[in-house]
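What follows is each chain in one-letter form.
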Amino acid sequence: MSFVGSNILAGASGQGGSAGYEIERSLRFNSGDSAYLNRTPSAAGNRRTWTWSGWVKRSRLGGSQQEIFKCTKGASIWMRLLFTTADKISFHETYKNLGDTTQAYRDPSAWYHIVLVFDTTQATNNVVLYVNNVQQRTWSLTQNFEGAINSANEHVIANYAALYSDFYLADVHFIDGQALAPTDFGETDDNGVWQPIEYAGTYGTNGFHLPFTNNSSNAALGTDTSGNGNTWTVNNLSVAAGADNDSLVDSPTNGTQTDTGAGGEVVGNYATWNPLTSALTLTDGNLLATATATSYQNATSSIAVKQGKWYAEFQLTLSVHYPGFGIADINSAVASNPRYTSYMGVEAKTYAYFPNLGWHSPETIPAHNNKSIVTGDIIGLALDLDSATKTLKTYINGTLDTTVNIVDPDGGYLFGMCGRNDSSFGSSANASAIANFGQRAFAKTNVPSGYKALCTANLPNPTIADGSKYFDTKLWTGNGGTQAVTGLNFSPSFVWYKSRSSGTYNHGLFDILRGPSKQLFFNNTSAEGTYSGVTSFNSDGFTLGSDDGGNLSGGSYVAWAWDAGTSTVTNTDGSITSQVRANPSAGFSIVSYTGTGANASFGHGLNAAPEFVILKNRDSGSTSWLIGHKDALVTSVSYLGGVTWNNLAPTSSVVNIGSSNILNTPGDSLIAYCFAPVNSYSAMGKYTGNGSADGPFVYTGFKPAWILYKRDDASGNDWTILDSTRGPNNVIDEYLQASNSNAEATSTMFDFLSNGFKPRLTSAGHNASGGTYIYLAFASHPFKTARAR
């Protein structure tokens with residue numbers, strides 16, 4: 001498809017995230033308010049060629065279809081762009097559904113950039129949909145077909161036949177008469193993140209730009225800034241102060257404004273309640289949470305924090321008896337399982353503050369005098385994770401009520417709410433409150449000093465802004481001879497490859513310490529051998545020899561590669577002298593040592609305690625791989641610090657291995673791959689299955705690129721590998737099993753999301769009810785900058 005009128009100036013200007021183009025505001029559409037925009041052009045524009053661009057953050061998933069943009073021409077001709085009930089994007093022309101995307105868009109925590117290009121002057125593939133600069137779908141209409149959109153008829157955003165939408169919408173452009181590319185509205189920054197840029201082209205007669213920045217009145221929200229004066233009519237959207245305000249600073253760009261604690265100041269992607277974890281009913285852009293069951297229900301925020309000072313408010317919207325507000329560690333069931341039926345404050349590292357009842361937590365909590373609260377009251381929570389003594393303070397209508405000392409989080413704390421509908425207190429006894437994480441002004445002006453709104457702009461800058469500079473996945477087709485696999489942003493130190501197309505060939509592991517062509521097989525106990533697999537490690541990839549396991553002519557292959565730094569050193573931190581190649585900033589090292597048979601330890605060079613270790617005796621063909629994970633059970637794989645590891649957890653300098661023959665066979669050469677967590681780049685953790693296709697949500701704080709996981713409380717389950725290169729769309733279908741040589745298979749597996757992942761299957765090896773699963777995950781991008789997937 002050709003693109004006429006392409007906005008070359010914008011692409012060349014370098015504007016966008018790197019140059020500071022800022023989307024200042026978004027408009028929240030809530031179906032319960034019957035909110036929508038409409039406009040009828042005075043005359044038709046170009047009905048054969050046009051472009052629509054906008055940023056969308058979803059609120060409601062599933063349920064009824066949700067209109068994005070549509071036009072009805074008379075009673076029987078219309079054209080629509082919408083989210084389907086299956087969370088896909090579809091394009092309809094009159095009574096024909098032209099088809100849905102393969103991809104499901106069910107990430108409610110970040111922003112999508114959607115561009116629809118309509119150009120029927122082309123013969124085929126003349127309607128093209130892009131999401132985050134990736135072509136998702138094409139449709140073909142009859143050449144020179146004139147559609148309803150851009151006719152002199154009513155055009156509507158967020159409404160179709162009284163089916164209203166739930167989402168946030170920002171920076172909407174309509175270009176009359178030009179088929180443009182996503183690069184006219186955005187660019188990829190130096191870290192590989194798609195960023196908005198300022199559109200520098202023309203709009204055509206019926207074109208418009210809706211930035212939603214004019215909030216001087218309700219009607220002003222529909223102001224067109226293109227210069228055409230094509231302003232839209234605003235229906236049931238409000239700029240009134242308080243919870244009804246639909247003009248918010250929730251944005252796909254991270255602003256640089258100073259956060260004084262007033263709220264509504266800093267532009268960024270804001271926390272909401274997360275519908276992937278909530279059993280409470282969520283509305284109003286996932287900010288209003290309402291209990292509808294007699295058992296307790298919970299909701300947790302879409303952003304977790306491990307450091308900093310954070311403030312949020314919760315306004316009671318019904319006269320209630322049992323609402324609770326507090327925090328929950330990301331590893332708790334309340335933070336991951338939408339069917340969790342106990343209240344927050346039961347599990348370790350969760351705290352619930354019930355103004356009427358007092359504090360609930362298994363940790364130490366203070367005494368509390370019950371307070372009577374009514375509709376309209378505002379509960380404030382101030383979370384301090386920076387001070388030596390970490391605290392959670394509660395406020396009622398701006399007055400400090402209690403302070404509780406809290407323990408350090410494990411993976412991070414989420415804000416939370418819990419409640420139930422207790423009919424013994426009348427028909428209005430269901431707990432209900434609307435959250436404000438700072439996307440609008442706080443109701444109370446005496447926010448404690450130094451506390452910030454909970455948005456991505458205020459999150460710490462990650463050490464690693466682009467995961468592909470330290471870990472990446474490469475695909476290739478074998479040629480039966482030799483070939484170079486290139487395109488990595490680093491020189492790999494560790495390469496793990498597998499044939500996708502054949503179950504005959506093993507997983508091959510190569511590293512720079514053992515040297516090229518020295519291969520180990522993860523799925524069996526074989527000793528190290530010499531094969532023409534990876535024959536050299538290069539500056540941006542690796543070279544393959546003719547070994548069929550990695551380069552059979554016509555075979556399909558995948559490799560996962562890690563960067564362990566630039567030099568190998570002798571390490572004497574442990575009782576065994578080791579050779580170490582370490583990259584502390586990426587939390588990965590390769591360690592080679594010779595066993596002694598005595599209680600021992602080896603240095604790993606990471607300056608942080610490893611939480612995942614893969615270890616193999618290179619000389620023995622009868623010794624299994626040993627996997628050590630901080631959360632593993634001693635009855636299954638192995639946990640770091642368990643009996644196999646001399647009952648001593650790893651330290652910031654050594655891994656303890658005792659005298660076990662698996663770890664320390666006298667005189668044998670052993671190799672270890674050590675991983676320590678790096679905030680927003682890598683995570684080692686566990687989750688508990690729920691046996692549902694709506695599986696537990698696992699918060700990582702980043703958009704995953706790769707996950708290795710295994711059930712840990714039952715035998716007979718394989719290590720499974722998912723990655724976003726083989727599985728670029730949700731739900732991910734493509735998987736390999738690391739513990740056998742099987743070819744790649746497909747099944748409904750996981751959703752990868754901007755801040756974590758979610759199993760979408762029920763089988764025992766992946767998401768059995770009550771099953772415990774351990775994982776190792778690496779990021780493509782930190783949540784601070786990630787786009788919705």
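So, how was this worked out
- Residues numbered from 1 in each chain as written.
- Predicted model: local features only at pLDDT ≥ 70, side-chain atom pairs only at ≥ 80, totals over all residues.
- Heavy atoms only, no water.
- Core = buried A, V, L, I, M, F, W, Y, C linked by side-chain atoms within 4.5 Å.
- Buried < 20%, exposed > 50% of the residue type's maximum accessible area, 1.4 Å probe, protein only.
- Helix = DSSP H or I, 4+ residues; strand = E, 2+ residues; numbered from the N terminus.
- Pairing = 2+ DSSP bridges.
- Polar contact = N/O pair within 3.5 Å; in protein donor to acceptor, adjacent residues only side chain to side chain.
- Contact = heavy atoms within 4.5 Å.

K.L.:
Just checking my understanding: could you explain the nonpolar core for this structure?
P.N.:
For soluble globular proteins, nonpolar side chains are generally found buried alongside one another. If you look at the biggest cluster of nonpolar residues, it comprises 100 residues, and the most contacted ones within it are Phe 29, Leu 37, Trp 52, Ile 114, Phe 314 and Phe 437. The biggest single contributor to this core is strand E14 (residues 167-176), with six residues. The next biggest cluster of nonpolar side chains, apart from the first, holds 36 residues, and it includes Trp 706, Leu 708, Leu 736 and Leu 776.

K.L.:
Help me understand the pairing of strand E10 (residues 134-139), please; the structure alone is not making it clear to me.
P.N.:
Note on strand geometry: in a regular strand, side chains alternate between the two faces of the sheet. Bridge analysis of strand E9 (residues 127-131) against E10 gives five bridges, and the strand direction is antiparallel. Within E10, the residue paired with Leu 129 across the bridge is Arg 137. Counted between consecutive antiparallel strands, the loop separating E9 from E10 contains two residues, among which Asn 132 sits at a positive phi close to 55 degrees.

K.L.:
Sorry if this is basic, but what is going on with the side chain of Ser 109 here?
P.N.:
Position of Ser 109 relative to the elements: it lies in the loop between strand E7 (96-100) and strand E8 (112-119). A polar atom in the side chain of Ser 109 sits 3.3 Å from the side chain of Asn 755. When residues no more than four places from it in sequence are discounted, the contact partners of Ser 109 are Lys 57, Asn 269, Asn 274, Ser 302, Ser 754, Asn 755 and Phe 783.

K.L.:
Help me understand the sheet that holds strand E51 (residues 702-711) in this model?
P.N.:
Pairing between sheet strands relies on hydrogen bonds along the backbone, with the strands arranged either parallel or antiparallel. Strands sit in the order E49-E57-E51-E52-E53-E54 across an open sheet of six strands; the sheet is antiparallel. This sheet does not close on itself; its edge strands, each paired only once, are strand E49 (682-688) and strand E54 (745-746). For E51 and strand E52 (residues 720-723), the ladder comprises four bridges, and the chain directions are antiparallel. Residue pairing across strands places Tyr 709 opposite Thr 720, the latter belonging to E52.

K.L.:
Would you take a moment to explain the pairing of strand E5 (residues 77-83) for this structure?
P.N.:
Across the seven residues that make up E5, a large majority, six, are buried. Relative to E5, strand E4 (residues 66-73) is paired through seven bridges, and the arrangement is antiparallel. Each bridged residue has a counterpart across the sheet, and for Phe 69 the counterpart in E5 is Leu 81. The sheet contact formed by E5 and strand E6 (residues 89-93) spans five bridges and is antiparallel.

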